[in-house]
Amino acid sequence: MGVKNPWEPVQTYSNTQTPRLRRELSVNQGHKKDGSFGILTTQVNKLLDWSRSSSLWPATFGLACCAIEMMSASADRFDIARFGAEVFRASPRQADLMIVAGRCSVKMAPILRQIYDQMPEPKWVLSMGACASCGGVFNNYAIVQGVDKIVPVDVFVPGCPPTPDMLLFGLNELQRKIREHIPNPPDPLKDSGLKLVGPLGEEL
């Protein structure tokens, strides 16, 4: 009538066992706080670099079709919030990362530089896509042939357009660069002595 459970001896034995403790802990010592403090030794600059790399605030600066991929990276499928960079700021004074997403025209170059100058230190630049990195297919007089002629670029992300996971990989490379305390590249305008002229003719 009744089928005997062949695993009954094993189940009975496993359910009646006392849980194991670590060898150095006795029954009275296990999970008992004694009020002592743990010690963590590190360097202040490493702690600062870790906190900066884990809470990057990008400036909202989408110029062309790469901006659609940047928006997709912040959506739920790719979720840039996993890396602490979901707080896109509308004000450059609250941002420390500029993602140049798309082609930059000569007319837009002074505005891009002005927004970069308004960002507080320390700040980083990520060039997203072939158009922002080298002009892409727009090899003409109207498009800047690489934004590294205007602002110092830390990471270049190739592709036309790069996928959201490529942007996340570029963000991970930037985080590694910050944690290893690799300095920013030289400023192209300060080193060359050139000046950008704004739309009204004033020097920036």
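Along every chain, residues carry numbers that run from 1 in the direction the sequence is written. The model is predicted, so local features are restricted to residues of pLDDT at least 70 and side-chain atom pairs to those at 80 or more, both for listing and for counting; the totals for chains, interfaces and linings are taken over all residues. Note that water and hydrogens are dropped before the side-chain values are worked out from all heavy atoms of the structure.

Participant: It is not clear to me how the packing of aromatic side chains should be interpreted in this structure. Could you clarify?
Facilitator: A ring pair, where both rings are aromatic, is described by two values, the distance of the centres and the angle of the planes. Stacked, tilted and edge-to-face are the three classes applied to pairs of Phe, Tyr and Trp rings, where Trp contributes its six-membered ring and a pair requires centres within 6.5 Å; stacked means planes under 30 degrees apart, edge-to-face means over 60, and tilted covers the rest. Counted by the stated rule, this structure contains zero aromatic pairs. We call a charge positioned above a ring when the Lys NZ or Arg CZ atom is no farther than 6 Å from the ring centre and deviates by at most 35 degrees from the ring normal. Sitting over the face of the ring of Tyr116, Lys123 holds its NZ or CZ atom 4.1 Å from the ring centroid.

Participant: Would you explain the pattern of salt bridges in this entry?
Facilitator: Where charged atoms of side chains with opposite charge meet at close range, the side chains can pair. In what follows, salt bridge is the name for a side-chain nitrogen of Lys or Arg lying within 4 Å of a carboxyl oxygen of Asp or Glu. This model, assessed by the stated rule, comprises six salt bridges. The closest approach of N and O atoms between Asp154 and Lys177, which form a salt bridge, is 3.3 Å. Highlighted residues: Asp154 in the loop between helix 5 (130–134) and strand 4 (155–157) and Lys177 in helix 6 (residues 164–179), separated in sequence by 23 residues. Burial classes: relative accessible area under 20% of the type maximum marks a residue as buried, over 50% as exposed, and values in between as partly exposed (1.4 Å probe, protein chains only). Relative accessible area serves as the criterion here: at 14%, Lys177 is assigned to the buried category. Overlapping salt bridges bring together Arg113, Asp117 and Asp187 as one network. To qualify as a helix, a DSSP run of H or I must reach at least 4 residues; to qualify as a strand, a run of E must reach at least 2; elements of each kind are numbered from the N terminus.

Participant: Sorry if this is basic, but what is going on with the pairing of strand 2 (residues 97–101) here?
Facilitator: Remark: a regular strand shows side chains that alternate across the two faces of the sheet. Here strand 2 lies mainly inside the structure; five of its five residues are buried. Covered by surrounding structure in strand 2 are Leu97, Ile99 and Ala101 together with Met98 and Val100, the residues of both alternating faces. By the bridge criterion, two bridges tie strand 1 (residues 58–59) to strand 2 in an arrangement that is parallel. Of the residues in strand 2, the one forming a bridge with Pro58 is Leu97. Assignment of crossover handedness uses the view with strands pointing away from the viewer, where a clockwise path from the first strand over the helix to the second indicates a right-handed crossover. At this point the chain moves from strand 1, through helix 3 (residues 66–73), to the parallel strand 2, and the crossover so formed is left-handed. The criterion for strand pairing is that DSSP finds at least two bridges linking the strands in question.

Participant: Explain the sheet that holds strand 4 to me, please; I cannot follow it from the model alone.
Facilitator: Two pairing modes exist for strands in a sheet, parallel and antiparallel, and in both the strands are linked by backbone hydrogen bonds. Spatially, 1-2-3-4 is the arrangement adopted by the four strands of the open sheet, whose pairing is parallel. Unpaired on one side and paired on the other, strand 1 and strand 4 mark the two borders of the sheet. By the bridge criterion, five bridges tie strand 2 to strand 3 (residues 124–128) in an arrangement that is parallel. Looking at the pairing, Ala101 lines up with Met128 of strand 3.

Participant: Honestly, the nonpolar core in this entry has me stumped. Any pointers?
Facilitator: General note: in soluble globular proteins, nonpolar side chains tend to be found buried as a group. In these notes, a set of buried Ala, Val, Leu, Ile, Met, Phe, Trp, Tyr and Cys residues joined through side-chain atoms within 4.5 Å is what counts as a nonpolar core. Formed by 21 residues in total, the largest nonpolar core has its most connected members in Leu56, Leu97, Leu126 and Met128. Going through the elements one at a time, helix 3, strand 2, strand 3, strand 4 and helix 6 are the ones with two or more residues in this core. The leading source of residues in this core is helix 6, at five residues. The contact definition used throughout considers only heavy atoms, calling two residues in contact when any of these lie within 4.5 Å. Ignoring sequence-local partners within four residues, the contact set of Leu97 consists of Leu56, Trp57, Pro58, Ala59, Met119, Trp124, Val125, Leu126, Leu171 and Leu174. Residues Ala109, Tyr116, Met119 and Val125 belong to the second largest nonpolar core, which totals 16 residues.

Participant: Help me understand the environment of Pro162 in this model?
Facilitator: By the element assignment, Pro162 lies in the loop between strand 4 and helix 6. The exposure class assigned to Pro162 is buried, which follows from its relative accessible area of 0%. For the pair Pro162 and Ala130, spaced 32 residues apart in sequence, the C-alpha separation works out to 8.3 Å. Aside from chain neighbours lying at most four places away, what touches Pro162 is Cys66, Glu69, Met128, Gly129 and Val157.

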